[in-house]
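Structure at a glance
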Amino acid sequence: MLWFWNFVVYSFAGFLLEVAFAKLTGGRAGRKGLLVLPLCPVYGAGACLILALPRWADSRPWVLFLLGGLAATAAEYLAALYHEKALGVSFWNYGDLPGSVQGRVCLPFSLAWGVLSLGLVYWLHPLLSPWLAMIPAPVGWTALAALAADGLLTAAALRRSGSTACLRWRGE
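What counts and what doesn't
- Residues numbered from 1 in each chain as written.
- Predicted model: local features only at pLDDT ≥ 70, side-chain atom pairs only at ≥ 80, totals over all residues.
- Heavy atoms only, no water.
- Helix = DSSP H or I, 4+ residues; strand = E, 2+ residues; numbered from the N terminus.
- Expected span 1.5 Å × (residues − 1).
- Buried < 20%, exposed > 50% of the residue type's maximum accessible area, 1.4 Å probe, protein only.
- Contact = heavy atoms within 4.5 Å.
- Salt bridge = Lys/Arg side-chain N within 4 Å of Asp/Glu carboxyl O.
- Axes fitted to C-alpha atoms, helices over the stretch in contact; angles between N-to-C directions.
- Parallel < 35°, antiparallel > 145°, perpendicular 65-115°, else oblique.
- Nonpolar A, V, L, I, M, F, W, Y, C, P; charged D, E, K, R; others polar.

Between its first and last C-alpha, helix α1 (residues 2-25) extends 34 Å over 24 residues, near the 34 Å set by a 1.5 Å rise per residue. Within α1, the full set of buried residues consists of Phe4, Trp5, Asn6, Val8, Tyr10, Ser11, Gly14, Phe15, Glu18 and Ala22. Looking at the buried residues of α1, the elements they touch are α2 (41-51), α4 (107-133) and α5 (137-161).

Below you can see the structure in the form of C-alpha cells.
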C-alpha cells in the first residue's frame with residue numbers, strides 16, 4: 001500500500017503545485033486530473049518513477065537531477081499520449097516552448113522536474129514516508145476504491161464531453 005500512498009500524496013502535492021503555478025503566472029486555474037478528488041495523477045506517477053530509480057542515484061545529485069527529470073518527463077509524455085489517444089482531450093500544449101516534443105513535453109519543464117526530483121528524494125519523501133507507512137490497510141483499500149471510482153468517472157466525463165472543461169471547479 002505504500003506505493004499507493006506515495007502516488008496519492010504526490011498527486012495531491014502536484015495539484016497544489018498546479019494551483020500555485022496558475023496563481024503565480026496568471027494562468028488558468030482550471031482543474032487538472034480528476035473530476036472529484038484534488039489530485040493530478042501525472043505528478044503521482046512521476047514521483048513514483050523517481051522513487052523507483054536505483055538507490056545509487058540518490059547519492060549523486062546530478063545523476064538524480066538527470067534521471068529524475070527524465071523519469072518525470074516520461075510520465076508527462078505518457079499521460080499526454082493517454083489523454084489524447086484514449087480520452088480525446090489535451091490538458092497542455094508546450095508546442096511554443098523550447099525543446100518541445102509534439103507539444104507533450106518540453107525542456108523547461110523537464111529541467112523543473114529534475115529540480116523537483118531533488119526536493120522529493122532529499123527532503124519531502126524522507127519526511128512523509130514514515131507517516132505514510134503507518135496508514136492502516138483498510139483506509140488504503142477505501143481510498144483506492146474512491147480513487148478508482150473517480151478515475152472511471154473522470155474518463156467517462158472526458159470521453160463524453162471531449163473537453164477538459166468538465167473538470168473545472170464550479171463557478172470558475
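As a further point, take the pattern of salt bridges. A full pass over the atoms with the stated rule returns two salt bridges. In this structure, Asp58 and Arg55 form a salt bridge, with 2.4 Å as the shortest nitrogen-oxygen distance. A salt bridge links Glu84 to Arg104; its shortest N-O distance comes to 2.6 Å. You can see Glu84 sitting in helix α3 (residues 61-87) and its partner Arg104 sitting in the loop between α3 and α4, a full 20 residues away along the chain. For Glu84, a relative accessible area of 26% translates into the label partly exposed.

Describing two packed helices takes the angle between their axes plus the distance from one axis to the other. Relative to each other, α3 and α5 sit at 60°, their axes nearing to 10 Å. One finds that α3 runs oblique with respect to α5. Every residue of α5 that contacts α3 at Tyr82, Ala86 and Leu87 is listed here: Ala155, Leu158 and Arg159. Residues of the contact of α3 with α5, tallied by class, amount to five nonpolar, no polar and one charged.

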